[in-house]
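Here's the letter readout for the chains.
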Amino acid sequence: MKNLFLLFAATGLLMASCTQNETDGFNSQNPDAIKFSAATSRASISNLATLEGDSDGFTVYGISQGASAWYTNIDGNNNYRYSSGSWGWAGTAAKWPTSAADYPMVFYAVYPQSSSGVMTVTATDPATSPLTGTVTIPSAASLQRDILAAKATATAKPAGGILPLTFKHILSKVNF
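In this text the structure is predicted, and so the values were computed from the model without any measurement.

## Comments concerning the overall build of the protein chain
Link 1 in the chain: Looking only at helices and strands, the protein chain features two helices and nine strands.
Link 2 in the chain: Beginning at the N terminus, the succession of helices and strands in the protein chain can be written as α-β-α-β-β-β-β-β-β-β-β.
Link 3 in the chain: The buried share among the 176 residues of the protein chain stands at 31%.
Link 4 in the chain: Contacts spanning at least 24 positions in sequence make up 63% of the contacts within the protein chain whose residues lie at least 6 apart.
Link 5 in the chain: Put simply, the protein chain shows about 10,800 Å² of open surface, and 56% of that area lies on carbon and sulfur atoms.

Right, here's the structure in full:
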């Protein structure tokens, strides 16, 4: 009799525990949003931990096939940053195009962002001259930073919507 009672109790608990769906609203994934996974070239000063630790993130520019303007929400004004254990857009997420005619898409990313005072990026007509930059080297060594850049091309929407970006050092700080 005890065994039968325990069986019914266990069955009741099992059914009650499966009646609610739990979701993590903070890390919800939108498969239509453009997402990046970041990596860096080998360096001990500015590496992936540096990118993840900077609350401003990095600046992203993107252009789709045949476009004469930067892609919506990827025009250098919407940073991509690491927060609460995952990468995401600081503002409104950019969406992958649904038309095959919009591919390939080319993405350019720069770290640190333009507002840091170290590098100012000028985004002109993306069809003729995608990006130009002016580097200002601060006189105080403590304010000097490595400059990293990445370029990636998507010929179609990647599985899961995540495109890998590998940042390379285009200007490195040297201590004497």
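## A few points about the nonpolar core
Link 1 in the chain: Among the nonpolar cores identified, the biggest contains 25 residues, and Ile34, Phe36, Phe58, Phe107 and Phe167 are the most heavily contacted of them.
Link 2 in the chain: Of all the secondary-structure elements, those providing two or more residues to this core are strand E1 (35-40), strand E4 (86-89), strand E5 (105-111), strand E8 (147-154) and strand E9 (162-171).
Link 3 in the chain: Ignoring anything within four residues of it in the chain, the contact list for Phe167 reads Ala38, Ala39, Thr40, Ser41, Leu51, Phe58, Ala109, Val110, Tyr111, Leu148, Ala149 and Ala150.

## A closer look at the packing of aromatic side chains
Link 1 in the chain: Throughout the structure, instances matching the rule amount to 13 aromatic pairs.
Link 2 in the chain: An angle of 50° between the planes, with centres 5.5 Å apart, marks the rings of Phe58 and Trp87 as tilted. With Phe58 in the loop between helix H2 (48-53) and strand E2 (59-64) and Trp87 in strand E4, the pair connects residues that are 29 residues apart, well separated along the chain. Pair check on accessibility: Phe58 and Trp87 agree, each one buried.
Link 3 in the chain: Look at Tyr80 and Trp89: their rings are 4.9 Å apart centre to centre, the planes differ by 75°, and that puts the pair in the edge-to-face class. Across this residue pair, the class does not change: Tyr80 and Trp89 are buried.

## A closer look at the pattern of salt bridges
Link 1 in the chain: Applying the stated criterion to the full structure yields one salt bridge.
Link 2 in the chain: The residue Asp32 makes a salt bridge to Lys157 at a minimum N-O spacing of 3.4 Å. Of this pair, Asp32 sits in the loop between helix H1 (2-17) and E1 while Lys157 sits in the loop between E8 and E9, placing them 125 residues apart in sequence.
Link 3 in the chain: In this structure Asp32 comes out as partly exposed when scored by relative accessible area, which is 42%.

## Re the environment of Trp89
Link 1 in the chain: For Trp89, the location among the structural elements is in strand E4.
Link 2 in the chain: Counting along the chain gives 53 residues from Trp89 to Phe36, while the straight-line C-alpha distance between them is 9.7 Å.
Link 3 in the chain: Leaving out residues up to four positions away in the same chain, Trp89 has contacts with Ile34, Phe36, Val60, Asn73, Ile74, Asn78, Asn79, Tyr80 and Ala94.
Link 4 in the chain: Among the polar contacts listed, one links the side chain of Trp89 to the backbone oxygen of Ile34, at a separation of 2.7 Å.

## Description of a nonpolar patch on the surface
Link 1 in the chain: Taken together, the side chains of Val135, Ile137, Ile170 and Leu171 present a nonpolar region at the surface, about 360 Å² in accessible area.
Link 2 in the chain: Looking at where Val135 falls in the secondary structure, it is placed in strand E7 (residues 132-135).

## Notes on the confidence of the model for the protein chain
Link 1 in the chain: For the protein chain, per-residue confidence averages 77 on the pLDDT scale, and residues scoring 70 or more make up 74% of the total.
Link 2 in the chain: A low-confidence stretch, residues 3-28 (pLDDT under 50), is modelled with two contacts involving residues beyond four sequence positions or located in other chains.

## Here we look at the side chain of Asp146
Link 1 in the chain: You can see Asp146 is positioned in the loop between E7 and E8.
Link 2 in the chain: Asp146 sits in the buried class, given a relative accessible area of 3%.
Link 3 in the chain: Side-chain polar atoms of Asp146 contact the side chain of His169, separated by 3.3 Å.

## Notes on the sheet that holds E2
Link 1 in the chain: Read from one edge of the open sheet, five strands run E1-E9-E8-E5-E2, paired in mixed fashion. Only two strands of the sheet have a single neighbouring strand rather than two, namely E1 and E2. Direction aside, the axes of adjacent strands within the sheet are offset by 25° on average.
Link 2 in the chain: Sheet topology note: the E1/E9 ladder contains six bridges and is parallel. By the bridge assignment, Ser37 is partnered in E9 with Pro164.

So, how was this worked out
- Residues numbered from 1 in each chain as written.
- Predicted model: local features only at pLDDT ≥ 70, side-chain atom pairs only at ≥ 80, totals over all residues.
- Heavy atoms only, no water.
- Helix = DSSP H or I, 4+ residues; strand = E, 2+ residues; numbered from the N terminus.
- Buried < 20%, exposed > 50% of the residue type's maximum accessible area, 1.4 Å probe, protein only.
- Contact = heavy atoms within 4.5 Å.
- Areas by Shrake-Rupley, 256 points an atom, 1.4 Å probe, with all protein chains shown as cover.
- Core = buried A, V, L, I, M, F, W, Y, C linked by side-chain atoms within 4.5 Å.
- Phe/Tyr/Trp six-rings, centres within 6.5 Å; stacked < 30°, edge-to-face > 60°.
- Salt bridge = Lys/Arg side-chain N within 4 Å of Asp/Glu carboxyl O.
- Polar contact = N/O pair within 3.5 Å; in protein donor to acceptor, adjacent residues only side chain to side chain.
- Patch = residues over 30% accessible without salt bridge, like charges linked within 9 Å, V, L, I, M, F, W, Y side chains within 5 Å.
- pLDDT = per-residue confidence, 0-100.
- Pairing = 2+ DSSP bridges.
- Axes fitted to C-alpha atoms, helices over the stretch in contact; angles between N-to-C directions.

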